[in-house]
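Below are the chains, spelled out letter by letter.
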Amino acid sequence: MSRTVVVLGGGISGLAASYHLSRAPYPPKVVLVEGSERLGGWIRSVRGRDGAIFELGPRGIRPAGALGARTLLMVMMGGSWLQTLEASGCVLSQELFQQQAQEAAATQLGLKEPPSYCLVHLHKNCIPQYTLGHWQTLESARQFLTAQRLPLTLAGASYEGVAVNDCIESGRQAAVSVLGTEHHS
């Protein structure tokens with residue numbers, strides 16, 4: 001009797017897990033459950049008025065909770081632009097970053113209206129991913145799942161890595177865990 005594996009969430013990790021499960025030598029029946037009207041999770045393409053396509057990545061930098069669910073656009077600035085500002089002696093303020101982000105959104109996406117809510121953070125030399133203690137919480141959750149013998153595997157940007165390749169690998173590793181053997185497609 002073949003088993004059924006339910007994948008909760010059609011984001012990039014859920015899609016990767018479903019793909020790898022279906023490609024196994026003896027694939028289980030795979031049921032993908034997605035709560036929204038589209039697949040891809042936080043990853044989506046947005047077309048600007050000028051036809052330019054912007055790829056929005058996984059949710060790694062959006063605010064947590066309800067605010068993050070309502071975040072439509074995140075502007076990240078840095079690199080040589082920030083270094084040039086610092087070298088010129090410019091005062092790095094939240095107002096400056098908000099103004100620059102709104103100008104970038106207006107230029108790149110044609111968004112002229114100011115945001116209804118704006119949250120500005122300066123994170124020098126890093127891309128914030130998880131809150132302090134995330135790895136310990138994740139390890140505790142895994143230990144609990146193992147101790148309770150729950151047939152659950154965690155995958156996705158909320159757990160290990162926020163980049164697209166991290167999410168795909170997380171889905172692959174979840175499939176490997178469910179299948180019980182290393183499988184290469």
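- By the naming in an unreviewed UniProt entry, the protein chain goes by Protoporphyrinogen oxidase and is assigned to Prolemur simus.

1. Points about the overall build of the protein chain
Here's step 1: Within the protein chain, the secondary structure is distributed over six helices and four strands.
Here's step 2: Overall, the protein chain shows an N-to-C arrangement of helices and strands of β-α-β-β-β-α-α-α-α-α.
Here's step 3: The buried share among the 185 residues of the protein chain stands at 26%.
Here's step 4: Taking contacts inside the protein chain between residues at least 6 apart in sequence as the whole, the part at least 24 apart equals 54%.

2. A word on helix α6 (residues 164-179)
Here's step 1: Taking 1.5 Å as the rise per residue, α6 with 16 residues should run 22 Å; its terminal C-alpha atoms sit 23 Å apart, in good agreement.
Here's step 2: Check the buried side of α6 and you find it contacts α1 (12-22).
Here's step 3: Backbone geometry just downstream of α6 places Gly180 in the positive-phi region, at approximately 85°.

3. Let's talk about unusual backbone geometry
Here's step 1: For Arg149, which is not glycine, the phi dihedral falls at a positive 55°.
Here's step 2: Structurally, the position occupied by Arg149 is in the loop between α5 (134-147) and α6.

4. Overview of the pairing of strand β2 (residues 29-33)
Here's step 1: Pairing of strand β1 (residues 4-8) with β2 involves five bridges; the strand directions are parallel. Along β2, the bridge assignment pairs Thr4 with Lys29.

5. Focus on the pairing of β1
Here's step 1: The two faces of β1 differ: Val5 and Val7 on one face are buried, but Thr4, Val6 and Leu8 on the other face are not.
Here's step 2: What joins β1 to β2 is α1, and the crossover it makes is right-handed.

6. What to know about the packing of α1 against α6
Here's step 1: At their nearest, the axes of α1 and α6 sit 7 Å apart, and the two run at 40° to each other. Between α1 and α6, the crossing angle belongs to the class labelled oblique. Considering how the two elements wind past one another, α1 and α6 form a crossing that is right-handed. Counting all contacts with α1, which are made through Ile12, Ser13, Ala16, Ala17, His20 and Leu21, the residues of α6 involved are Cys167, Ile168, Ser170, Gly171, Arg172, Ala175, Val178 and Leu179.
Here's step 2: Its residues placed into classes, the contact of α1 with α6 shows nine nonpolar, four polar and one charged.

Cut-offs used in this document
All chains use their own residue numbering, which begins from 1 and follows the written sequence. The predicted origin of the model limits local features to residues at a pLDDT of at least 70 and limits the giving and counting of side-chain atom pairs to 80 or more, whereas totals for whole chains, interfaces and linings rest on all residues. Calculated side-chain values reflect all of the structure's heavy atoms, with hydrogen atoms and water omitted. Helix numbering and strand numbering both begin at the N terminus, where a helix is a DSSP run of H or I of at least 4 residues and a strand a DSSP run of E of at least 2. Each residue's exposure class comes from its accessible area (1.4 Å probe, protein chains only) as a fraction of the maximum for that residue type: buried when under 20%, exposed when over 50%, partly exposed otherwise. Contacts are assigned to residue pairs with any non-hydrogen atoms lying within 4.5 Å of each other. To estimate how far a helix should reach, multiply one less than its number of residues by 1.5 Å. Should DSSP find at least two bridges between two strands, the strands are regarded as paired. The crossover handedness rule: strands pointing away from the viewer, path from first strand over the helix to second strand clockwise, crossover right-handed. Only C-alpha atoms enter the line fits that serve as axes; for helices the fit covers just the stretch in contact. Angles between N-to-C directions range over 0 to 180 degrees. Every angle not falling under 35 degrees, over 145, or within 65 to 115 is termed oblique; those three ranges are roughly parallel, roughly antiparallel and roughly perpendicular. Take the far helix as the reference: if the near one is turned anticlockwise from it by less than a right angle, the crossing is left-handed, and if turned clockwise, right-handed. Throughout this entry, Asp, Glu, Lys and Arg are counted as charged residues, while Ala, Val, Leu, Ile, Met, Phe, Trp, Tyr, Cys and Pro are counted as nonpolar. The remaining residues, Gly among them, count as polar.

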